[in-house]
Amino acid sequence: GYYTRIVDADSSNALSYLKRAQYHQYLDNTEQLVADMDKYVSIVNPRTDLNSHDHWFRDMLVALWKSKPRNLGPPVNTPGHDAGPVSPDGLSLFLASNQSGTYGHLDGWVATRPSAFGPWSAPENLGAPINTEYYEGPPVVEDDNLSIYFTSIRPGGFGEGDIWFSTRETTNTPWDPPRNLGPTINSTSGEAVSCISSDGLELYISSDRPGPDGNRHWDIWVSKRITKQDDWSAPVNLGPPINSPDFDGIAAPSPDGLTMFFTSDRPGGCGNRDIWVTTRSTRESSWREPVNLGPPINTLDWDQGAIISVVDSMLYFNSWRPGGLGLLDMYKVPIPRLSDNYISGSRD
């Protein structure tokens, strides 16, 4: 077939094996699908034997291609706009929503559940001082749920939208008055927080400040700190092949930092805005050429904001696809469970 001819013409092209694997998935040829995925990961990460991360990445892609994403349904999703990430402990779901509440526009909300596989509660508005009469975007929290970061256009910022943060003593005490992250992180352009790495030392943001090419378009940037007590460094643009001349943002790395999901409307996608994934061999290595997750994760509509929830082995994401309850809705899809060694190794 077509993809086999491409593979025969250049057997070192990893993307050709990936495309043929997707074709085998469509034909339900599982054995050929896995064989091509093994070849793909062995090219992008050449080793004598595939390691646990390679196997997981292969199995994750196969699982997503075979999946049927599930809408979280009410009470999390509403007829309005509902989008956001799951907390690291998997027991809190922080989201931005314009459902009626304290302020009645796009605010930060949180739903909770008693266990990893229990139902989500009705979201509660985070209220003051996190929410104001101005726009507040989806909040993200560190793994202890005691530090929260979010985007706001409230007064006191440096640009068109800034990143603010707040802390609290315990999960049962109120949030302190939010503080602006300051001009090291925020600029005269727009900034939006995307994710905090599992070790709390990397802050991924989206910004339309001028990039390395001198032009303003939304790119993914990362700020780092040596310890959680240190200040964040000046953000660094991730550059190509992650960033493109089109929209790139809403990045979320896996717990070990070797896989990263992000959102882009670059050419080669399925619709208006798609979820892409990239990998690297070590945290110090360069990111590889991104892969579009393809259907059924991506559709003709907006699909964005994918993030891994380790505790229930789910990929959560936001979509505007037909059949939802409103505008952007939250969806989930099972992915292979990360081994205990993989998780603990990622937090060293």
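Going by the structure above, here's the rest.
Attention in this report is confined to the structure presented alongside it. (Residues numbered from 1 in each chain as written. Predicted model: local features only at pLDDT ≥ 70, side-chain atom pairs only at ≥ 80, totals over all residues. Heavy atoms only, no water.)

For the rest of this paragraph, the subject is the overall build of the chain. The number of helices and strands found in the chain is five helices and 20 strands. For 348 residues, the compact-globule formula gives about 20 Å, and the C-alpha radius of gyration of the chain, at 20 Å, lands near that figure. Principal axes of the C-alpha set define a box for the chain whose edges measure 60 × 40 × 40 Å. Counting across all 348 residues of the chain, residues that qualify as buried make up 55%. A sequence separation of at least 24 residues applies to 49% of the contacts in the chain between residues at least 6 apart. As presented, the chain carries roughly 15100 Å² of accessible surface, and 54% of it is formed by carbon and sulfur atoms. Across the chain, 27 positive and 43 negative side-chain charges occur, with their mean positions spaced 4 Å apart. (Helix = DSSP H or I, 4+ residues; strand = E, 2+ residues; numbered from the N terminus. Rg over C-alpha atoms; globule rule 2.2 N^0.38 Å. Buried < 20%, exposed > 50% of the residue type's maximum accessible area, 1.4 Å probe, protein only. Contact = heavy atoms within 4.5 Å. Areas by Shrake-Rupley, 256 points an atom, 1.4 Å probe, with all protein chains shown as cover. Lys, Arg positive; Asp, Glu negative; His and termini not counted. Charge placed at Lys NZ, Arg CZ, Asp CG, Glu CD.)

Moving on to the packing of helix H1 (residues 2–9) against helix H2 (residues 14–27). In the contact formed by H1 and H2, the axes pass within 9 Å of each other and the chain directions differ by 160 degrees. By the angle between their axes, H1 is roughly antiparallel relative to H2. The handedness of the crossing between H1 and H2 comes out as left-handed. In contact with Tyr-3, Thr-4, Ile-6 and Val-7 of H1, H2 contributes Ser-16, Tyr-17, Lys-19, Arg-20 and Tyr-23. When grouped by side-chain class, the residues that make up the contact of H1 with H2 number five nonpolar, two polar and two charged. (Axes fitted to C-alpha atoms, helices over the stretch in contact; angles between N-to-C directions. Parallel < 35°, antiparallel > 145°, perpendicular 65-115°, else oblique. Left-handed = near helix turned anticlockwise from the far one by under 90°. Nonpolar A, V, L, I, M, F, W, Y, C, P; charged D, E, K, R; others polar.)

We now examine the side chain of Asn-145. Within the element layout of this structure, Asn-145 appears in the loop between strand S6 (140–141) and strand S7 (147–152). For Asn-145, a relative accessible area of 4% corresponds to the buried category. Contact partners of Asn-145, with chain neighbours within four places excluded, come to Ser-87, Asp-89, Ser-92, Phe-94, Arg-168, Thr-171 and Trp-175.

What follows concerns the nonpolar core. Met-37, Tyr-40, Leu-61, Phe-261, Leu-293 and Leu-315 are the most contacted members of the largest nonpolar core, which has 29 residues in total. Beyond its immediate chain neighbours, meaning those up to four positions away, Tyr-40 contacts Ala-14, Leu-15, Tyr-17, Leu-18, Phe-57 and Val-291. (Core = buried A, V, L, I, M, F, W, Y, C linked by side-chain atoms within 4.5 Å.)

Attention now moves to the sheet that holds strand S19 (residues 314–319). The strand order across the open sheet formed by four strands is S1-S20-S19-S18, and the pairing between neighbours is antiparallel. The strands lining the two open edges of the sheet, one partner per strand, are strand S1 (70–71) and strand S18 (303–309). (Pairing = 2+ DSSP bridges.)

Before going further, it helps to examine the layout of surface pockets. When its volume is computed, the largest pocket comes out at roughly 660 Å³. What lines the largest pocket is a set of 34 residues, and nearest its centre among them are Tyr-135, Pro-138, Ala-192, Ile-250 and Gln-304. Counting only elements with at least two residues in the lining of the largest pocket, the list comes to strand S10 (191–196), strand S14 (248–253) and S18. The greatest single-element share of the lining of the largest pocket, amounting to five residues, is contributed by S10. (1 Å grid on protein atoms, 1.4 Å probe; cavity = no way out; pocket = protein on both sides within 12 Å on 5 of 7 lines; lining within 4 Å. Points joined across faces, edges and corners; volume = space filled by probe spheres on them.)

In space, the four strands of this open sheet follow the order S10-S11-S12-S13, with antiparallel pairing throughout. Lying at the two open borders of the sheet, with one neighbouring strand each, are S10 and strand S13 (236–237). Sheet topology places strand S11 (residues 202–207) next to strand S12 (residues 219–224); six bridges connect them, and they run antiparallel. Paired with Glu-202 across the two strands is Lys-224, which belongs to S12.

Attention now moves to empty space enclosed by the protein. Evaluated as defined, the whole model comprises two cavities of 30 Å³ or more. Taken as a whole, the largest cavity holds about 320 Å³ of empty space. Along the wall of the largest cavity there are 22 residues; nearest its centre are Pro-88, Cys-195, Ile-196, Ile-307 and Ile-308. Looking at the lining of the largest cavity, the elements with two or more residues in it are S6, S10 and S18. Residue contributions to the lining of the largest cavity peak at three residues, all from S18. Grouping the amino acids of the lining of the largest cavity by side-chain chemistry returns 14 nonpolar, five polar and three charged.

With that settled, the discussion passes to the pairing of S7. Counting buried residues in S7 gives six out of six residues, a clear majority hidden from the surface. Across the two faces of S7 the burial is the same, with Ser-147, Tyr-149 and Thr-151 and Ile-148, Phe-150 and Ser-152 all buried. As defined by bridge partners, S6 adjoins S7 across two bridges and the pair is classed as antiparallel. Pairing of Val-141 across the sheet is with Ile-148, part of S7. Hairpin connection between S6 and S7: a loop of five residues separates the two successive antiparallel strands, and Asn-145 in this loop has a positive phi of roughly 60 degrees. Sheet topology places S7 next to strand S8 (residues 162–167); six bridges connect them, and they run antiparallel. Bridge pairing links Phe-150 to Trp-164 in S8.

Moving on to the environment of Lys-332. Checked against the element boundaries, Lys-332 lands in strand S20 (residues 329–334). Among the residues examined, Lys-332 registers a relative accessible area of 18% and is labelled buried. Linking Lys-332 and Asn-98, residues 234 residues apart in sequence, is a C-alpha distance of 21 Å.

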